[in-house]
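Commentary on secondary and tertiary structure
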Amino acid sequence: MSLAQLHYTAATAGDGGSGGRFTAVDAAIPGPVRAEAAPLLAYAAPTGTPERPTDAELRALPVAFGFSSLSDGSHLVSRTVASGTSGFHAHAVHLPADTPLPGRLLPVAAWGASGWLSSTPGRTRPDPLTSLALAGPSGGLSRDGLGDFAVSRGPWLAAVLGDIRRASEDPSAPQVVLVERHSADVARWIALAVAVLPREHAERLTFTTYTRHPGAAAHRVVGVQPQDAPDVRDPRFRVHVTTGPRPAGPVDDAWAATAARIWRHRAPELFRDAAELPGEPFSAGPLAVTALGAGIALASEERAAAADWAAVRPYALDEKRTQQLTAALTAPGEDRTPAECAAALRLLTALDGRSPAAVTAPLAALLVTEAVHGGDVTLEPPARSAFAGAAGQRAVDALVAELGEDLLAELTAGAAGGVARTVQLLRVARLLGLDRTEVLPGVVRRLAGALLDDAEAGTCPALPDLLDEQFDVRTALLGELDRLAPDDPAGAERLLARVPLPFTGTQALPHLRMCAAAPGAKARGAGRVEVLHTVLRAAGMSPFSEPLVLRTAVGLVWGRDGLTAAEGLALLGETTSDAHRTAGTWRHLVDAALAAPADDEDGPALAHDVLRAFPQEIDARVRAGLLLLDFAREVRAGTAEPGWAGRARSLREGAEPVEPSVRDHAYGAVARRLLAPDRPEAELFACVHSEDEELIAAYGRAARRDEVAALLRTDPVYAADCFTVWTSHPHAGDAWTRTRTALLEEVLRPVVRALSPEEVVAVEAGVESAGTSRTLDAFRAWNRPSRSLGRLGRRIAGRVRRG
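Counting from 1, residues in each chain are numbered in the order their sequence is written. Residue-level local features of this predicted model are given only where pLDDT is at least 70; pairs of side-chain atoms are given and counted only at 80 or more, and the full residue set underlies all totals for whole chains, interfaces and linings. Side-chain calculation: all heavy atoms of the structure are included, whereas hydrogens and water are not.

Numbering of helices and strands runs from the N terminus; a helix is a DSSP stretch of H or I covering at least four residues, while a strand is a stretch of E covering at least two. Of the regular secondary structure elements, the protein holds 38 helices and nine strands. We take the radius of gyration over the C-alpha atoms and set the globule estimate at 2.2 Å times the residue count to the 0.38 power. Against the globule reference of 28 Å for 803 residues, the protein gives a C-alpha radius of gyration of 49 Å, more extended than a compact globule. By its C-alpha atoms, the protein is 155 × 80 × 40 Å across when sized along the principal axes. In the protein, buried positions account for 51% of the 803 residues. Residue contacts are counted whenever heavy atoms from the two residues lie within 4.5 Å of one another. Excluding contacts between residues fewer than 6 apart, the proportion of contacts in the protein whose partners are at least 24 apart in sequence is 69%. When a residue's accessible area, from a 1.4 Å probe over protein chains only, is under 20% of the maximum for its type it is buried; when over 50% it is exposed; and in between it is partly exposed.

Dropping the structure here:
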């Protein structure tokens with residue numbers, strides 16, 4: 001087979017190669033192809049090239065050897081060199097669309113072909129590709145030569161292969177720029193890459209070993225001299241300067257890293273072996289499996305790729321290659337990553353039952369060792385079946401001797417890795433058959449506390465497996481959680497919302513059942529007392545027989561919120577004081593009473609019941625506060641003993657620092673009774689003369705209530721009585737003087753001014769009946785609009801004194 005050729009020459013190799021012409025063209029090559037080929041064949045000599053170079057200088061100039069794609073789907077294999085006349089000569093072979101090179105060799109194999117010409121021939125010559133299938137690569141692209149080159153470029157090898165891979169996959173990927181002093185080295189780079197690429201990608205990879213202008217080149221991979229290297233920060237390029245410092249850091253591409261290791265071990269034949277294995281293009285698995293089988297050491301990421309590939313295709317390897325793979329994976333090393341261990345576990349799962357214990361037991365032993373000493377708390381122990389048979393038992397015995405003491409010691413001391421680590425060690429201990437009897441109580445106690453402290457820790461995926469595998473651990477852990485739940489019901493509720501603990505067996509677990517039922521009961525939107533009833537029913541036990549369920553229920557329903565006084569009354573009425581005393585919930589009842597707002601009459605009622613129910617538990621200060629509330633109840637009910645002001649003051653002093661709501665309950669109750677039409681006069685006198693500013697202020701606030709205003713408007717006798725009281729006791733003290741003066745001006749005057757003349761006459765009659773004619777004169781003087789309150793107040797006080 002002979003392919004069409006062309007020759008393109010220019011007398012001067014200027015920038016861009018302008019002035020070139022075709023000196024010999026096969027008639028089979030159409031004009032559009034020639035027009036498109038011309039700029040691809042042009043040549044620009046490096047900067048600083050002499051105008052008339054010597055023969056030695058010409059031979060030192062770079063060769064632009066390339067494989068180019070044309071718009072019609074055809075390709076050019078070309079070689080352009082500087083000519084003796086300071087110009088250039090290009091010799092190219094045209095490959096029609098879908099036409100491979102002879103013998104399906106890759107284009108870079110033509111680099112050293114002997115048929116390339118440096119000048120236009122005088123007669124038709126055989127094309128340089130005709131004998132490639134027989135001659136094979138030459139001119140530095142031999143197997144040994146490429147191996148030497150790969151070793152010399154070791155630090156850059158993986159990065160270059162990875163970038164060429166992306167360039168061959170994705171037309172929009174950055175162009176790969178290889179900075180080398182010699183174009184032959186660029187050709188070697190191409191040879192290294194295409195030996196690794198899948199065949200269909202290798203055959204399509206376009207390249208040129210030399211160009212002055214990489215951005216203008218249409219090739220995916222280009223070679224440039226150091227002086228023409230683009231900025232490494234330019235996003236259009238992936239620049240590799242092998243003449244500069246070595247790159248730092250690993251390459252995040254297992255396929256490229258594995259291929260680089262194979263080249264550095266001078267074993268390119270392994271690429272052919274790997275290509276015969278199943279897998280996606282650019283899958284690192286086949287390369288890694290082949291390399292490990294050949295004894296090439298790989299990094300952890302690459303070993304993980306091998307294990308993952310084999311785990312998906314355990315049938316793809318025969319027993320010998322499978323044993324080679326597992327032997328390589330279990331070889332001593334300290335660089336194993338969690339990803340590698342997880343892949344090894346997947347491989348072991350795939351091999352378990354398919355391969356003998358001689359294959360699976362070493363892999364399982366590695367995973368157990370990594371679980372104990374590796375630090376990856378997510379690594380699961382292997383299945384017990386991996387240690388089947390005598391070989392497996394010997395492996396287990398060796399693991400017990402090596403790891404047993406350390407494992408139990410860590411469990412005893414408390415695993416630093418928290419819940420996940422504890423679960424992992426318990427599973428490994430059971431796998432190895434270790435006796436955990438002595439350490440289990442402490443382990444379970446710490447594990448339960450950790451779960452309640454951090455419910456998210458309970459989402460450890462291995463926890464359900466542990467509870468499913470180990471009945472003794474499940475029983476002990478659930479029992480401990482149930483014991484702790486009354487002291488932290490919210491933590492238990494959070495845990496159960498995230499972790500479906502299996503407490504549906506024979507254990508009672510009343511507190512855990514309540515915690516599981518609480519979210520649903522709350523979601524139904526019922527009142528809190530009804531939610532309490534629901535969760536108590538879920539316990540399956542009565543508070544009378546198991547008072548601690550009451551503590552759990554109260555904690556679940558109210559949490560950090562306080563009970564209202566009405567809820568406290570209901571709770572105390574439904575359950576005995578003994579149950580509250582044992583559960584410790586009596587404190588919630590006390591708090592509910594003391595926190596009741598001043599207008600909540602359930603607060604004093606709850607205080608009365610709490611005082612009777614828990615006489616021994618309440619300290620002196622709290623008792624005084626509750627008694628103050630109970631005193632308010634008695635005043636409202638009319639059963640309080642005489643001496644209200646003194647009683648209120650005495651109880652308040654004993655309750656200091658008294659809650660404002662408690663003080664307002666007591667003082668407000670006294671004030672309201674003293675404003676009632678049937679008030680005890682002696683108590684009013686004692687209050688007015690008590691000089692207790694807060695009690696008198698409470699009287700002033702009570703007088704401004706709507707109920708008082710309504711009575712003043714509708715009851716002339718009540719209005720007259722208030723006038724009489726508020727103009728009396730001139731020597732009771734400053735607090736009373738300020739309060740009564742404000743009440744006359746701000747409360748009574750607006751009401752009286754709004755009355756009809758007839759209603760005012762009725763009030764006057766009441767004033768005269770309650771006092772004297774002078775009191776009536778004082779009222780009339782006070783009610784005259786022209787008089788100022790200060791002057792009237794003085795006149796009223798004088799007349800009262802004279803009366």
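Okay, the pattern of salt bridges next. Any Lys or Arg side-chain nitrogen located within 4 Å of an Asp or Glu carboxyl oxygen qualifies as a salt bridge. Following the criterion strictly, the structure yields 46 salt bridges and no others. Here E469 and R427 are joined by a salt bridge, their closest N and O atoms 2.7 Å apart. You can see E469 sitting in helix α18 (residues 462-469) and its partner R427 sitting in helix α16 (residues 418-432), a full 42 residues away along the chain. E469 sits in the partly exposed class, given a relative accessible area of 31%. R436 is paired through a salt bridge with D472; the nearest N and O atoms lie 3.0 Å apart. One end of the pair, R436, is in the loop between α16 and α17 (440-453); the other, D472, is in helix α19 (residues 471-484), with 36 residues separating them in the sequence. When salt bridges that share partners are traced, they join D163, R165, R166, E169, R238 and D253 into one network.

Another point: the side chain of R220. Take R220: it is sitting in the loop between β7 (207-208) and β8 (221-224). Charge counting treats Lys and Arg as positive and Asp and Glu as negative, with His and both chain ends excluded. The buried charged residue R220 lacks any salt bridge, with D170 as its nearest oppositely charged partner at 6.5 Å. Beyond its immediate sequence surroundings of up to four residues, R220 is in contact with A167, D170, P171, A173, P174, Q175, V176, L205 and T206.

Its place among the elements puts P486 in the loop between α19 and α20 (489-498). In this structure the C-alpha to C-alpha distance between P486 and T576, which are 90 residues apart in sequence, comes to 19 Å. Leave out the neighbours within four places in its chain, and P486 touches H511, L548, R551 and T552.

As a further point, take the packing of aromatic side chains. Aromatic rings from Phe, Tyr and Trp, with only the six-membered ring used for Trp, were paired whenever their centres fell within 6.5 Å, and each pair was classed as stacked if the ring planes differed by under 30 degrees, edge-to-face if by over 60, and tilted otherwise. Taken as a whole and judged by the stated rule, the model has 16 aromatic pairs. Relative to F282, the ring of W255 has its centre 5.2 Å away and its plane inclined at 80°; by these criteria the two rings are edge-to-face. Here W255, found in helix α8 (residues 254-264), pairs with F282, found in the loop between α9 (269-275) and α10 (284-293); they are 27 residues apart in sequence, far enough to count as distant. Each member of the pair W255 and F282 is classed as buried. Among the aromatic residues, those joined into a ring-pair cluster are Y8, F22, Y43, F88 and Y210.

Time to look at the environment of A202. Relative to the assigned elements, A202 resides in helix α7 (residues 199-204). Along the chain, A202 and R436 lie 234 residues apart, while their C-alpha atoms are 60 Å from each other. Ignoring anything within four residues of it in the chain, the contact list for A202 reads L106, V194 and L197.

The next subject is the side chain of T209. Position of T209 relative to the elements: it lies in the loop between β7 and β8. For this analysis, a polar contact is any N or O atom pair within 3.5 Å, provided that within protein one partner can donate a hydrogen and the other can accept it, and provided that sequence-adjacent residues contribute only side-chain to side-chain pairs. One polar contact links the side chain of T209 to the main-chain carbonyl oxygen of V63, over a distance of 2.5 Å. Polar side-chain contacts of T209 include one of 2.8 Å to the backbone nitrogen of F65. When sequence neighbours within four positions are dropped, the list of residues in contact with T209 reads V63, A64, F65, W111, S183, V186, A187 and G223.

Moving on, we get to α17. Helix length check: α17, at 14 residues, gives a terminal C-alpha distance of 20 Å against a target of 20 Å (1.5 Å per residue), a fit within 8%. All of the buried residues in α17 are L440, G442, V443, V444, L447, A448, L451 and L452. Summarising the contacts, the buried residues of α17 are in contact with α15 (389-413), α16, α18, α19 and α20. Any helix carries an expected span of 1.5 Å times its number of residues minus one.

Now for the environment of A288. In this fold, A288 is placed in helix α10. Owing to a relative accessible area of 0%, A288 belongs among the buried residues under this scheme. Spatially, the C-alpha atoms of A288 and T739 are 95 Å apart, while their sequence positions differ by 451 residues. Residues within four places of A288 in sequence aside, it is in contact with T258, L298, E302 and A306.

Next up on the list: the pairing of strand β5 (residues 88-95). The buried fraction of β5 is high, at eight of eight residues. Burial along β5 is two-sided: F88, A90, A92 and H94 facing one way and H89, H91, V93 and L95 facing the other are all buried. Relative to β5, strand β1 (residues 5-10) runs antiparallel, the two being bridged by six bridges. In the sheet register, H7 faces β5, and the bridge partner there is H91. Between any two strands, at least two bridges found by DSSP are needed for them to pair.

Another point: helix α1 (residues 31-41). By the burial criterion, the buried members of α1 are V33, A37, A38 and L41. When α1 is viewed along its axis, its buried side chains cluster within an angular range of 145° and face the same direction. Along α1, the residues that are exposed and aim more than 90 degrees away from the buried face are P32, A35 and P39. The directions considered for the arc are those from the helix axis to the C-beta atoms.

Attention now moves to the sheet that holds β7. Within the open sheet, the nine strands sit side by side as β2-β1-β5-β4-β3-β7-β8-β6-β9. Their pairing is mixed. Each having just a single partner strand, β2 (21-25) and β9 (237-241) make up the two edges of the open sheet. Both strand β6 (residues 175-179) and β9 contribute to a ladder of five bridges, which runs parallel. Among the inter-strand pairings, V177 is bridged to a residue of β9, identified as V239. This element, helix α5 (residues 154-169), spans β6, β8 and β9 of the sheet and lies at about 155° to β9. A fitted line through C-alpha atoms serves as each axis, taken over the contacting stretch for helices, and the angle formed by two N-to-C directions is quoted from 0 to 180°.

The next thing to look at is unusual backbone geometry. Along the chain, E656 connects to P657 via a cis peptide bond; the corresponding omega equals -5°. Considering the arrangement of structural elements, one finds P657 in the loop between α29 (644-655) and α30 (660-674). If you check the backbone angles, D98 has positive phi at about 65° while not being a glycine. Checked against the element boundaries, D98 lands in the loop between β5 and α3 (132-135). Exposure remark for D98: the relative accessible area of 80% places this residue in the exposed category. Despite not being glycine, F282 has its phi angle at roughly 65°, a positive value.

Turning next to the nonpolar core. By nonpolar core we mean a set of buried residues, namely Ala, Val, Leu, Ile, Met, Phe, Trp, Tyr and Cys, connected to one another through side-chain atoms within 4.5 Å. Counting residues in each nonpolar core, the largest one holds 231 residues, and the members touching the most others are L129, F387, L626, Y699 and W726. When residues no more than four places from it in sequence are discounted, the contact partners of L129 are L3, V77, V93, L95, L101, P102, A110 and W116. Core analysis: the second largest hydrophobic core is formed by 21 residues, A10, L58, A82 and Y210 among them.

Here we take up the packing of helix α4 (residues 143-152) against α5. Close contact between α4 and α5 brings their axes to 5 Å; oriented N to C, the two are set at 100°. As summarised for this structure, α4 and α5 are arranged roughly perpendicular, according to the angle between their axes. Contact residues: α4 offers A150, V151 and S152, while α5 offers G154, P155, W156 and L157. Taken together, the residues that form the contact of α4 with α5 break down as five nonpolar, two polar and no charged. Reported orientations rely on four angle classes, namely roughly parallel under 35 degrees, roughly antiparallel over 145, roughly perpendicular from 65 to 115, and oblique for the rest. Under the scheme applied here, ten amino acids are nonpolar (Ala, Val, Leu, Ile, Met, Phe, Trp, Tyr, Cys and Pro), four are charged (Asp, Glu, Lys and Arg), and all others, including Gly, are polar.

This is a description of form; function is not addressed.
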